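Architecture at a glance
This is what each chain is made of:
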Amino acid sequence: MAKVLMLCHDQHLDRRVVAQARTLIDRGHSVRLMALAFGSDTEEETISEGIELTRIGLSHIVPENPTYCAYMARQYSLNDILNALCNSYPSAARYFHKGFKLGSRANWLAYRAFLLLRYRNRQLHDPLPFRYAFVSHGLKYRCDVVQVHDLPALQAGVELATTWRVPLIYDAHELYPEQHSLSKAQRNICARSESEHIKHANLVFAVNESISQEMAKRYQIEPPIVLTNAINPPPDFEPEAHYDLLRKKLQLPASRRILLLQGGFAPNRNLNELVKAMALVKVPDVDLVMMGFGDYGHKLQSTARRLRLIDKRVYFLPAVPQSELLQHSASADMGIIPYPHVDLNSYYCTPNKLFEFIQAGLPIIANDSPELRRFVDDQGFGLIHPMKSPHQIAQSIDKAFQHLPHADWRQQLIKKRHAFAWEAQAQAYLAAMQNIIDKAFVLSEKGESEQAQASAVRV
């Protein structure tokens, strides 16, 4: 059986990553997952899913861009000058140390200014700073296959796979270079990196058809195999059962109907506009429940409070564990995915909540985009409607709750949801992986044969 090394630059373990790892482990393979720690030190453990997990300490993440390297070179020079002066004139050492502090401060400010010039973005972060961290830690875990989850770890994956002469798999979780939060300069850096390194991959996965086709066109490769962010429902979950967890937690009467937004609270997701829309919704018995996490939730609550909607038509709940999520989703009357088209990545998105709503049997209102239309409208799971403003979002809510066939949507969801579970995706994943694993063993045997021949020649 194969040893698979997975690289993932997240701190919170993505459901997609864990599902793939568990699928391989269930088939007898071993998986070592390298992700990021929450603190400065590296930690190792085996988690409940049977995954051997290495969390790389944040102190090991060293940017390697030219701006940072120049900053460090200047700092080393300052340090050399300080040492030389202190050795030559020890009586004046305290003055030299003060000068060193001032010089270091000036160097830091210059570094930040040069970063701003380089990235044209007030978020002065290197978009791809993980190569050294993953390579330095990964070399300890020689494997048969390297699988990279998303662009930030791709260069490290290429380096490790090349060193060991093993196959490389790249799972693109999104169109990473197209994120709205990145400046044009940062997007160009990411695009160049992906274009250069994706050619080394023996197998590429994408999260949906639109992103697969876009990557094929952009990088002139075979269309990546589509592997959706599907979820398996818990064994005891029954979408036709009567769950009423949201109303109980909020003490809402049975006469109130619930529109659910779940997931991370973040800018550029139309969430503030969604709160504003509730002031314009005409259907009188619909309340919005926002169940999730993130500091942006404070702004959403502030908007709801200003509009006098909080705890009246807009309610907030903390996120719940994945094991309880579908029961909470099924407690609503409809789910909403309002993500705006702020970038190509958002335009093509198929977020986790889409598949959570499907497995919960929850009808969906979604912004009009190619992939959401493919799932929600084409499958008869709900309503697609433009959501460019609070007014349009309110229109979609009124239309969905007032005029459209909820029972038909729910029936289609109950009927088809098994086709959109991870169980179905796992078969496609295993089939593609088995070809790569077979190739890995051929390469391994070839390498051992070449080593034996080389040893024989030396003898």
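Residues numbered from 1 in each chain as written. Predicted model: local features only at pLDDT ≥ 70, side-chain atom pairs only at ≥ 80, totals over all residues. Heavy atoms only, no water.

Between helix α2 (residues 66-88) and helix α3 (residues 93-119), whose axes approach to 10 Å, the crossing angle comes to 170 degrees. With respect to their mutual orientation, α2 and α3 come out roughly antiparallel. Split into classes, the residues belonging to the contact of α2 with α3 amount to 15 nonpolar, seven polar and two charged. (Axes fitted to C-alpha atoms, helices over the stretch in contact; angles between N-to-C directions. Helix = DSSP H or I, 4+ residues; strand = E, 2+ residues; numbered from the N terminus. Parallel < 35°, antiparallel > 145°, perpendicular 65-115°, else oblique. Nonpolar A, V, L, I, M, F, W, Y, C, P; charged D, E, K, R; others polar.)

Enumeration according to the criterion identifies 16 salt bridges in this entry. Between glutamate 356 and arginine 15 there is a salt bridge, and its shortest N-O distance comes to 2.6 Å. In this pair, glutamate 356 sits in helix α13 (residues 352-360) while arginine 15 sits in helix α1 (residues 15-26), placing the two residues 341 residues apart along the sequence. For the pair formed by glutamate 356 and arginine 15, the shared burial category is buried. Via salt bridges that share partners, Glu178, Glu214, Lys217 and Arg218 belong to a single interconnected network. (Salt bridge = Lys/Arg side-chain N within 4 Å of Asp/Glu carboxyl O. Buried < 20%, exposed > 50% of the residue type's maximum accessible area, 1.4 Å probe, protein only.)

Below, the discussion takes up the sheet that holds strand β5 (residues 145-149). Here eight strands make up an open sheet; going across it, the order is β3-β4-β2-β1-β5-β6-β7-β8 and the pairing mixed. The sheet is open, and its two borders are formed by β3 (43-46) and β8 (225-226), each paired with just one other strand. The strands touched by helix α5 (residues 154-164) within the sheet are β1 (3-8), β5 and β6 (168-172), with β5 carrying the most contacts at an inclination of about 175 degrees. (Pairing = 2+ DSSP bridges. Contact = heavy atoms within 4.5 Å.)

What follows covers α5. Within the sequence span of α5, burial applies to Leu154, Ala156, Gly157, Val158, Leu160, Ala161 and Trp164. Residues of α5 that are buried sit in contact with β1, α4 (131-138), β5, β6 and α6 (184-197). Backbone geometry just after α5 places arginine 165 at a positive phi near 55 degrees.

Following the sequence through the fold, glutamine 262 ends up in strand β9 (residues 257-264). Assessed through its relative accessible area of 2%, glutamine 262 is described here as buried. Engagement of the side chain of glutamine 262 in a polar contact is seen with the side chain of serine 329, the distance being 2.7 Å. Among all residues touching glutamine 262, those that are not within four sequence positions of it are Met291, Leu325, Ser329, Lys353, Glu356 and Phe357. (Polar contact = N/O pair within 3.5 Å; in protein donor to acceptor, adjacent residues only side chain to side chain.)

The next point concerns the sheet that holds strand β13 (residues 364-367). Sheet architecture is open: six strands sit in the order β11-β10-β9-β12-β13-β14, paired in parallel fashion. Because the sheet does not close on itself, it has two edges, and the strands there are β11 (314-318) and β14 (382-385). Mean inter-strand twist for the sheet, computed between neighbouring axes without regard to direction, equals 25 degrees. As defined by bridge partners, β9 adjoins strand β12 (residues 334-337) across two bridges and the pair is classed as parallel. Its bridge partner lying in β12, leucine 260 is registered against glycine 335. In the packing of helix α15 (residues 390-402) onto the sheet, the strands contacted are β9, β10 (286-293), β12, β13 and β14, and the crossing angle to β14 comes to about 155 degrees.

The subject of this paragraph is the packing of aromatic side chains. Applying the stated rule across the entire model yields 15 aromatic pairs. Taken together, a centroid distance of 6.4 Å and an interplanar angle of 65 degrees make the contact between phenylalanine 130 and phenylalanine 134 edge-to-face. In this structure, phenylalanine 130 and phenylalanine 134 share a single accessibility class: buried. For the pair phenylalanine 237 and tyrosine 243, a centre-to-centre distance of 5.4 Å together with 10 degrees between the ring planes defines the contact as stacked. The same class applies to phenylalanine 237 and to tyrosine 243, which are both buried. Three or more aromatic residues joined by ring pairs make a cluster, and in this case those are Tyr68, Tyr71, Trp108 and Tyr111. (Phe/Tyr/Trp six-rings, centres within 6.5 Å; stacked < 30°, edge-to-face > 60°.)

With that out of the way, let us pick up a nonpolar patch on the surface. A cluster of nonpolar side chains, namely Ile81, Leu85 and Tyr89, defines an oily patch on the protein surface of about 290 Å² accessible area. Within the element layout of this structure, isoleucine 81 appears in helix α2. (Patch = residues over 30% accessible without salt bridge, like charges linked within 9 Å, V, L, I, M, F, W, Y side chains within 5 Å. Areas by Shrake-Rupley, 256 points an atom, 1.4 Å probe, with all protein chains shown as cover.)

It is worth spelling out the pairing of β1 at this point. Here β1 lies mainly inside the structure; five of its six residues are buried. Pairing of β1 with strand β2 (residues 30-36), which is carried by five bridges, proceeds in the parallel orientation. Its bridge partner being in β2, methionine 6 is matched across the sheet by leucine 33. Assessed by its sense of winding, the connection that carries the chain from β1 through α1 to β2 is right-handed. Two elements, β1 and β5, share five bridges in a ladder whose sense is parallel. Across the sheet, residue cysteine 8 finds its bridge partner in β5, namely histidine 149. (Right-handed = clockwise from strand over helix to strand, strands pointing away.)

Attention now moves to the confidence of the model for the protein. With 96% of its residues at a pLDDT of 70 or more, the protein has an overall mean of 92. A low-confidence stretch, residues 454-459 (pLDDT under 50), is modelled with zero contacts involving residues beyond four sequence positions or located in other chains. (pLDDT = per-residue confidence, 0-100.)

On to the packing of α4 against α5. Viewed as axis vectors pointing N to C, α4 and α5 meet at an angle of 30 degrees, and their least axial separation amounts to 8 Å. Relative to α5, the element α4 is oriented roughly parallel. Relative to α5, the crossing made by α4 is right-handed. Of α5, the residues touching α4 (which contributes Arg131, Phe134, Val135 and Gly138) are Gln155, Ala156, Glu159, Leu160 and Trp164. (Left-handed = near helix turned anticlockwise from the far one by under 90°.)

Let's shift gears to the nonpolar core. Within the largest apolar cluster, 65 residues are counted, with the highest numbers of intra-cluster contacts made by Met6, Leu354 and Ile358. Tallying contributions element by element places helix α17 (residues 422-458) first for this core, with nine residues. Ignoring anything within four residues of it in the chain, the contact list for isoleucine 358 reads Ile364, Phe375, Phe381, Leu413, Arg417 and Phe420. (Core = buried A, V, L, I, M, F, W, Y, C linked by side-chain atoms within 4.5 Å.)

Our next topic: the pairing of β5. Along any regular strand the residues' side chains alternate between the sheet's two faces. Counting buried positions along β5 yields five of five residues, so the element is predominantly enclosed. Residues Val145, Gln147 and His149 line one face of β5 and the alternating positions Val146 and Val148 line the opposite face, and both faces are buried. Across four bridges, the pairing between β5 and β6 is parallel. Paired with valine 146 across the bridge in β6 is leucine 168. Assessed by its sense of winding, the connection that carries the chain from β5 through α5 to β6 is right-handed.

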